[in-house]
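Coordinates in review
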Amino acid sequence: MHDFSIDRSWLDAVVREAVKQALETVMELEREVVLAEWGGKKNGYYERGLVTKHGPVRLRVPRERDGRFHTALFAPYRRRMEDLEAFALAMYAAGISTRKVGEVLGYLLGGTYSASTISRIAEGVLPRLEAFRKRPLKPRYAFVYLDALFVKVFQENEGVATEAAYLALGITEEGYREVLGFWLLPTESSTGWGDLLLELKERGLEEVLLFITDELPGVETAIKRVYPKAHWQLCTVHKLRSTLRRVRRKDQDAVLRDLSSIVRASDRNEALKALNSFRGRWADKYPQVVASWIQHSAALLRFLDYPKALQPVIKSTNLLERMIKEIKRTTKTRDNTFPTPDAVLKVIYFVAERYEAQFQTRKLQGFQQAEDEIRAIFNLRYPQA
């Protein structure tokens, strides 16, 4: 019995050669038309690649000395490459590894797309990323949320190291959210927070009413040094969680009820009364827990100095936590380790870019009712000359 099957690789090679010859013939004719109409002289050739469904081909593209000749053949290819790059970046931003992105493109479009190819495509976002991180800021932001997450990064000559990715989210005096910046530093410290706050100031941010943070090392000191007129709100949600980890399981429900009465108080007098009751009930059993709440009471209750409509969103860092969870999700799909520091910044930027698009159309909840009060607080705290 005869085998009439055709060797697929041989057929693809034949087709590629036919495509190459046809395209080069067409481009030669195009150049002749341009020279006949506009004059000028031939200027040799340059090579460029073209991906086809039968594999890549290398083309000799004619040149004309005065630069008038541009073949129309590559317009569809250029559009295709733009679509391909956008698709590749979208997959990369969603947390898919460069190797997997290359595999998907290969299945869909044919040809080979290595991890290094996808990395080069992703590198194209770096100028846009840097422009975003260095852009001038408005002089006034009502609230600024600060937080950090830890990522593993491969450092040349050092191996994998854990570094802190710092983030800042701002609320304008009109109530719109903005990602103010993100940074990657070796550790989380007062020096790090001080440096990033100074950078925000250098980029134009002069006046802030309230910073909202977790119990971050050195952040209160950094805020007082760079923005002495700003207030500091300690995240009540994080404080509740950390407190419950320090009490016995059998007491957790009762402790949570007592602490909730503090952070859900309608005014300062009610909150201080609840705090005093908490101290009376638990000081003997959990002296360090109670002492911590007393010590940080001013920062934990700072939200009560601001409009009631905004208190639910300024007593915790939840607004920024949502973005951090998205970053962590994309980090997890990359096995929690990044090949370079730039790879971390690209992932954060892709997430920030998506959030920024949403932020532009929606005011922070409660700001409509509180806008006049916020403006009055600004004018009182930062009187204009």
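In what follows, the structure referred to is the one given above.
Presented here is an overview of the structure given in this document.

Parameters and conventions
- Residues numbered from 1 in each chain as written.
- Predicted model: local features only at pLDDT ≥ 70, side-chain atom pairs only at ≥ 80, totals over all residues.
- Heavy atoms only, no water.
- Helix = DSSP H or I, 4+ residues; strand = E, 2+ residues; numbered from the N terminus.
- Expected span 1.5 Å × (residues − 1).
- Buried < 20%, exposed > 50% of the residue type's maximum accessible area, 1.4 Å probe, protein only.
- Arc of directions from axis to C-beta.
- Contact = heavy atoms within 4.5 Å.
- Polar contact = N/O pair within 3.5 Å; in protein donor to acceptor, adjacent residues only side chain to side chain.
- Phe/Tyr/Trp six-rings, centres within 6.5 Å; stacked < 30°, edge-to-face > 60°.
- Lys NZ or Arg CZ within 6 Å of the ring centre and 35° of its normal.
- Core = buried A, V, L, I, M, F, W, Y, C linked by side-chain atoms within 4.5 Å.
- Lys, Arg positive; Asp, Glu negative; His and termini not counted.
- Salt bridge = Lys/Arg side-chain N within 4 Å of Asp/Glu carboxyl O.
- Pairing = 2+ DSSP bridges.

A word on helix α10 (residues 268-282). Along its 15 residues, α10 runs 21 Å from first to last C-alpha, staying within 8% of the 21 Å computed at 1.5 Å per residue. Taken together, the buried positions of α10 are occupied by Ala271, Ala274, Leu275, Phe278 and Trp282. Seen from one end, α10 has its buried residues packed into an arc of 105 degrees, which puts them on one side. What points out from α10, more than 90 degrees from its buried face, is the exposed set Asn269, Lys273 and Gly280. Residues of α10 that are buried make contact with α9 (249-263), α11 (287-295) and α12 (297-300). Where α10 begins, one side-chain oxygen reaches toward the backbone nitrogen of Asn269, 3.2 Å away; that side chain belongs to Asp267.

Here we come to the packing of aromatic side chains. Tallied over the entire structure, the rule returns 11 aromatic pairs. Aromatic pair Trp282 and Tyr286: ring centres 6.0 Å apart, planes at 40 degrees, arrangement tilted. Among the aromatic residues, ring-to-ring pairing joins Phe132, Phe182, Tyr349 and Phe350 into one connected group. Across from the ring centre of Tyr45, 3.9 Å away, lies the NZ or CZ of Arg60, which sits over that ring. Cation over ring: Arg135 sits above Phe132, and NZ or CZ is 4.2 Å from the ring centre.

Before going further, it helps to examine the nonpolar core. Within the largest apolar cluster, 96 residues are counted, with the highest numbers of intra-cluster contacts made by Phe143, Tyr145, Phe182, Leu197, Leu200, Phe278 and Trp293. Considering every element that reaches this core, the biggest residue donor is helix α15 (residues 341-359), with 11 residues. Among residues more than four places away in sequence, those in contact with Tyr145 are Leu167, Ala168, Leu169, Ile171, Ile212, Val313, Ile314, Ser316, Thr317, Leu319 and Leu320.

Glancing now at the side chain of His296. Following the sequence through the fold, His296 ends up in the loop between α11 and α12. A relative accessible area of 16% places His296 in the buried class. Other than its neighbours up to four places away in sequence, His296 contacts Glu215, Leu234 and Lys239.

All right, on to the side chain of Glu163 then. Checked against the element boundaries, Glu163 lands in strand β4 (residues 159-172). Buried charge Glu163 goes without a salt bridge, the closest partner of opposite sign being Arg133 at 10 Å.

Looking at the element boundaries, Ser261 is found in helix α9. Relative accessible area serves as the criterion here: at 33%, Ser261 is assigned to the partly exposed category. In the structure, Ser261 is positioned 12 residues away from Lys273 in sequence and 9.5 Å away in space, judged by C-alpha atoms. In this structure the side chain of Ser261 is engaged in a polar contact, spanning 2.5 Å, whose partner is the backbone oxygen of Asp258.

For β4, a buried count of 11 out of 14 residues is recorded, marking the element as mostly surrounded by other parts of the structure. Where strand β3 (residues 140-155) and β4 come together, 14 bridges link them in antiparallel fashion. Bridged to Val151 within β4 is Glu163. The sheet contact formed by β4 and strand β5 (residues 177-185) spans eight bridges and is antiparallel.

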